[in-house]
Amino acid sequence: MSLVTPDIGLVFWMVVIFGVVFFLLAKFGFPVITKAVRKRTEHIEDSLKAAQQARLSLEQVELQSAQMLEQTRSEQGRILQEASRTREEILSSAREQAQTEAAEILCSAREEIKAEKESALQEIRSEVSSLSVAVAEKILRKELDSTPEQISLLERFAEEASNAPIS
Amino acid sequence: MRAGRIIAIVALLLLASEALCADRGVSCEAAQGDPSPCPPGVQGDSSSMSGDEPLDMEEYIFGHISDAYEWHIATVRGKHISIPLPCIIIDNGVHVFSSSRLAHGASYEGYCIAPKGQAHEGKIVRASDGKRPFDISITKNVCGLIIDSIILVVLILLCARWYRKHDVLKEAPTGLAALLEPVIMTIENDVIKDAVGPDYKRFSPYLLTAFFFILINNLMGIFPVFPGGANITGNIAVTFVLAMFTFLMVNLFGNKHYWKDILWPDVPVFLKAIPLMPAIEILGMFTKPFSLMIRLFANMLAGHIMLLSTVALIFLTAKMGAVLNGSLSFVAVVLGIFLDCLEVLVAFIQAYVFTMLSSVFIGLAHQHPEGETH
């Protein structure tokens, strides 16, 4: 029967011992451990969340950079196209300008040449006329004294002179 | 690699335990041969049997599982080696003396140990009238409790010290902390948190203390050499106190809903007008810790008795010839190893079950009915 009747002395000591153990462990033992482990668990959870977020944002950044690259590439294409077009335009306009300018230069050169020629002709003409006048003078001086032919020649000259346009 | 080493150590311990149990079996036999003077008046001689007597199973088993005033370690060639423990008796003043003064039925300061067959058998009684005084002696179980508690407190505080000294966010636990942390966190997360509910943090120190207290006492009870071997958790006084603590934890912190459920449960009025349901519920308040007490007590006691009986097989057959004795010894050792392994498992399971059921009872006292916010 002593097996199933609790002994009062043992109950007393058990209360004391368990009470002391409970006090010590509940005050200095388990809370310290569980708090530390809980802290670590939270830290790990937070870290995992942060890592997840970092991965997400990294993905976004990658997406963005890919988009940017794509945009840049299309922009580049556009710019290149534009540049080539502009070059064409510039070239063609330059060519046109050069042509018109060349035409203008030619035109003016031609006119100048014409004017030069005209003036040269004029000069020659006046030279020839003055020369002919001088020659005529000399001939006149020599022939006037003498012959009737000269007189006729003179007459002819005079006629010619009157017929010739005055320059 | 590591697991292999641990298994080897456990196997070695179990073998050693077999050897020592065997030794103690012998010691019991030898003990009966001792002559013992008996004090006049109260005494009838219980132990004057001759050495040739067959093993007294009752004394052999009860000698091992019941409490005692001295801690018997071994008997070498008929000589007892035991640690006398202090007897403290409060009976018209405090009497403190060594239990060795009461050995072999002697009486001291008017007290002696009641002999076999009398009331309070094996306990200290007044020599004059055979009544029990208020006896708070440091018995074998008290001594075992103190030793086990010191071991437990040192282990847990060392573990806690690691966490105080190290930054838990930067280092993984090592050594003792690494050993205890998984156990503590398993109990806390899988048992306490699930069973108690949202405010489990208030109760987790008690439940963890109960778990480790029971576990270490169970394990030390199986360990057969000196600091172990006392049948502590197989003693009803110990389990009674543990169950009482759980009872207090449940009822002191029970919420309004818990008390309403007991005193005015949701049943038809005629069941509570004659307070039938409240009576059953109040009875239930006590049966819950009672079942805790009996479960732990009976399991540990049965384990000890099983182990002792298995070992006793060797000594029971000692006189039956070498072949029978040898073969049964072999069976006893093999069976003993198996039972020891089983007991290690049971030691853990009983601690686990006690903690789990305590958590469930505490959780039931903290229920919130659906729709009610807390």
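**Digging into the overall build of chain B**
Of the regular secondary structure elements, chain B holds ten helices and eight strands. Here chain B, with 374 residues, has 45% of them falling under the buried criterion. In chain B, once contacts between residues fewer than 6 apart in sequence are set aside, the share between residues at least 24 apart is 65%. Of the roughly 18200 Å² of accessible surface on chain B, 69% is carried by carbon and sulfur atoms.

**Quick word on the sheet that holds strand S8 (residues 134-135) of chain B**
Residues and elements named next belong to chain B. Here we have three strands laid out as an open sheet, ordered S4-S3-S8, and antiparallel in their pairing. The outermost strands of the open sheet, each flanked by one partner alone, are strand S4 (94-98) and S8. Summarising the sheet, strand S3 (residues 86-90) and S8 pair through two bridges and their orientation is antiparallel. Along S8, the bridge assignment pairs Ile-89 with Asp-135.

**A closer look at the nonpolar core**
If you look at the biggest cluster of nonpolar residues, it comprises 91 residues, and the most contacted ones within it are Phe-18 of chain A together with Tyr-163, Phe-213 and Leu-242 of chain B. Ranked by residue count, the leading element in this core is helix H1 (residues 8-143) of chain A, at 14 residues. Ignoring anything within four residues of it in the chain, the contact list for Phe-18 of chain A reads Tyr-206, Thr-209, Ala-210, Phe-213, Leu-242 and Phe-245 of chain B.

**Re the packing of helix H6 (residues 236-252) of chain B against helix H10 (residues 322-364) of chain B**
Residue and element names in this part refer to chain B. Interaxial distance between H6 and H10 falls to 9 Å at its minimum, and their mutual angle equals 25°. With respect to each other, H6 and H10 are oriented roughly parallel. Viewed along their axes, H6 and H10 form a crossing whose handedness is right-handed. Residues Leu-242, Ala-243, Thr-246, Met-249 and Val-250 of H6 lie in contact with H10, whose contacting residues are Phe-354, Ser-358, Phe-361 and Ile-362. Each residue belonging to the contact of H6 with H10 can be placed in one class, and the counts come to seven nonpolar, two polar and no charged.

**Things to note about the pattern of salt bridges**
Opposite charge on two side chains makes pairing possible when the charged atoms of those side chains draw close. Residues and elements named next belong to chain A. Under the criterion given, the structure shown has eleven salt bridges over all chains. Between Glu-82 and Arg-78 there is a salt bridge, with the nearest N and O atoms lying 3.1 Å from each other. Of this pair, Glu-82 and Arg-78 are both found in helix H1, four residues apart, which corresponds to roughly one turn of the helix.

**With respect to the environment of Leu-179 of chain B**
Examined against the element boundaries, Leu-179 of chain B turns out to sit in helix H4 (residues 175-196). Expressed as a C-alpha distance, the spacing of Leu-179 of chain B and Cys-159 of chain B, which sit 20 residues apart in the sequence, is 8.9 Å.

**Some words on the interface of chain B and chain A**
Taken together, the contact between chain B and chain A spans 53 residues of the former and 34 residues of the latter. A combined buried area of about 4000 Å² lies between chain B and chain A, and 83% of that area is made up of carbon and sulfur atoms. A per-residue breakdown of the area chain B buries against chain A is headed by Val-168, Leu-169 and Thr-209 of chain B, which together make up 13% of the total. In this assembly, chain B and chain A are joined by three salt bridges. Across the pair Arg-38 of chain A and Glu-188 of chain B runs a salt bridge whose closest N-O atoms are separated by 2.5 Å. Taken together, the elements giving at least two residues each to the side of chain B that touches chain A come down to helix H2 (57-65), S8, helix H3 (140-165), H4, helix H5 (204-222), H6 and helix H9 (276-316) of chain B. Counting residues per element, the side of chain B that touches chain A draws most heavily on H3 of chain B, which supplies 13 residues. When the residues that make up the side of chain B that touches chain A are grouped by side-chain class, the tally is 39 nonpolar, six polar and eight charged.

**Description of the side chain of Thr-239 of chain B**
Its place among the elements puts Thr-239 of chain B in helix H6. Apart from the residues within four sequence positions on either side, Thr-239 of chain B is in contact with Thr-233, Met-293, Leu-296 and Phe-297 of chain B.

**Thoughts on the environment of Tyr-111 of chain B**
Residue and element names in this part refer to chain B. With respect to the helices and strands, Tyr-111 occurs in strand S6 (residues 111-113). Taking relative accessible area as the criterion, Tyr-111 reaches 3% and is therefore assigned buried. Here the alpha-carbon distance between Tyr-111 and Ala-298, two residues 187 residues apart in the chain, equals 32 Å. Excluding its chain neighbours within four sequence positions, the residues that come into contact with Tyr-111 are Ile-89, Asp-91, His-95, Phe-97, Leu-102, Ala-106, Ile-124, Val-125, Arg-126, Ala-127 and Pro-133.

**Let's talk about a nonpolar patch on the surface**
Side chains of Met-306, Phe-330, Val-331, Val-334, Leu-335, Phe-338, Leu-342, Leu-345, Phe-348 and Ile-349 of chain B sit close together on the surface and give an oily, nonpolar patch of about 870 Å² of accessible area. If you trace the backbone, Leu-342 of chain B turns up in helix H10.

**Digging into the packing of H4 of chain B against H5 of chain B**
Working note: a packed helix pair is described by the angle between its axes plus the distance between those axes. Residues and elements named next belong to chain B. The N-to-C vectors of H4 and H5 enclose an angle of 125°; their axes lie 10 Å apart at closest approach. Classified by the angle between their axes, H4 and H5 sit oblique to one another. As H4 packs across H5, the resulting crossing turns out to be right-handed. Only Ser-204, Leu-207, Leu-208, Phe-211 and Phe-212 of H5 make contact with H4, whose side of the interface consists of Leu-180, Val-183, Ile-184, Ile-187, Glu-188, Ile-192 and Val-196.

**Remarks on unusual backbone geometry**
Residues and elements named next belong to chain B. The phi torsion at Asn-92 lies on the positive side, around 55°, for a residue other than glycine. Exposure remark for Asn-92: the relative accessible area of 79% places this residue in the exposed category. Of note, the phi angle at Glu-109 is positive, near 50°, even though the residue is not glycine. The residue Glu-109 is located in the loop between strand S5 (107-108) and S6 in this model.

**Examining the sheet that holds S5 of chain B**
Backbone-to-backbone hydrogen bonds pair the strands of a sheet. The strands run either parallel or antiparallel. Within the open sheet, the three strands sit side by side as S5-S6-S7 (chain B). Their pairing is antiparallel. The open sheet is flanked by S5 and strand S7 (124-126) of chain B, the only strands paired with a single partner.

**Details of the packing of aromatic side chains**
Following the criterion strictly, the structure yields 17 aromatic pairs over all chains and no others. With a centroid separation of 6.3 Å and an interplanar angle of 85°, the aromatic rings of Phe-18 of chain A and Tyr-206 of chain B are classed as edge-to-face. Within this pair, whereas Phe-18 of chain A is found in helix H1, its partner Tyr-206 of chain B is found in helix H5, the two belonging to separate chains. Considered together, Phe-18 of chain A and Tyr-206 of chain B belong to a single accessibility category, that of buried residues. An angle of 90° between the planes, with centres 6.4 Å apart, marks the rings of Phe-23 of chain A and Phe-28 of chain A as edge-to-face. The partly exposed category is assigned to Phe-23 of chain A, whose relative accessible area is 48%. Among the aromatic residues, ring-to-ring pairing joins Phe-18 and Phe-22 of chain A together with Tyr-206, Phe-213 and Phe-245 of chain B into one connected group.

Basis of the calculations
In every chain, residue numbers begin from 1 and rise along the written sequence. Just so you know, chain letters begin at A and ligand numbers begin at 1, following the order they were written in. Only residues with pLDDT of 70 or above have their local features reported here, since the model is predicted, and side-chain atom pairs are shown and tallied only from 80 upward, although totals for entire chains, interfaces and linings are computed over all residues. Derived side-chain values reflect all non-hydrogen atoms in the structure, with water molecules and hydrogen atoms excluded from consideration. Helix and strand definitions here come from DSSP, where helices need a minimum of 4 consecutive H or I residues and strands a minimum of 2 consecutive E residues; each element is numbered from the N-terminal end. In this scheme, a residue with accessible area under 20% of its type's maximum is buried, one over 50% is exposed, and one in between is partly exposed, where area comes from a 1.4 Å probe on protein chains only. Residues are treated as being in contact if the distance between any of their heavy atoms lies within 4.5 Å. In these tables, accessible area is a Shrake-Rupley quantity obtained with a 1.4 Å probe, and a residue counts as shielded only by the protein chains included in the view. At least two bridges found by DSSP between two strands is the condition for calling them paired. As used in this record, nonpolar core signifies buried Ala, Val, Leu, Ile, Met, Phe, Trp, Tyr and Cys residues forming a set joined through side-chain atoms within 4.5 Å. Only the stretch in contact is used when fitting a helix axis, every axis being a line fitted to C-alpha atoms; angles between N-to-C directions are given from 0 to 180 degrees. Here roughly perpendicular refers to angles of 65 to 115 degrees, roughly parallel to angles under 35, roughly antiparallel to angles over 145, and oblique to all remaining angles. Less than a right angle of anticlockwise turn of the near helix away from the far helix marks a crossing as left-handed, whereas a clockwise turn marks it as right-handed. Three categories are distinguished: nonpolar for Ala, Val, Leu, Ile, Met, Phe, Trp, Tyr, Cys and Pro, charged for Asp, Glu, Lys and Arg, and polar for the others, with Gly belonging to the last. The term salt bridge refers to a side-chain nitrogen of Lys or Arg lying within 4 Å of a carboxyl oxygen of Asp or Glu. In this description, buried area is defined as the sum, over both parts, of the accessible area (probe of 1.4 Å) that is lost when the two are combined. Without a salt bridge and with relative accessible area above 30%, a residue can belong to a patch; like charges are then joined within 9 Å and nonpolar side chains (Val, Leu, Ile, Met, Phe, Trp, Tyr) within 5 Å. Side-chain rings of Phe, Tyr and Trp (the six-membered ring for Trp) are treated as a pair once their centres are within 6.5 Å; stacked means planes under 30 degrees apart, edge-to-face means over 60, and tilted covers the remaining angles.

None of the figures reported here should be taken as evidence of function without further support.
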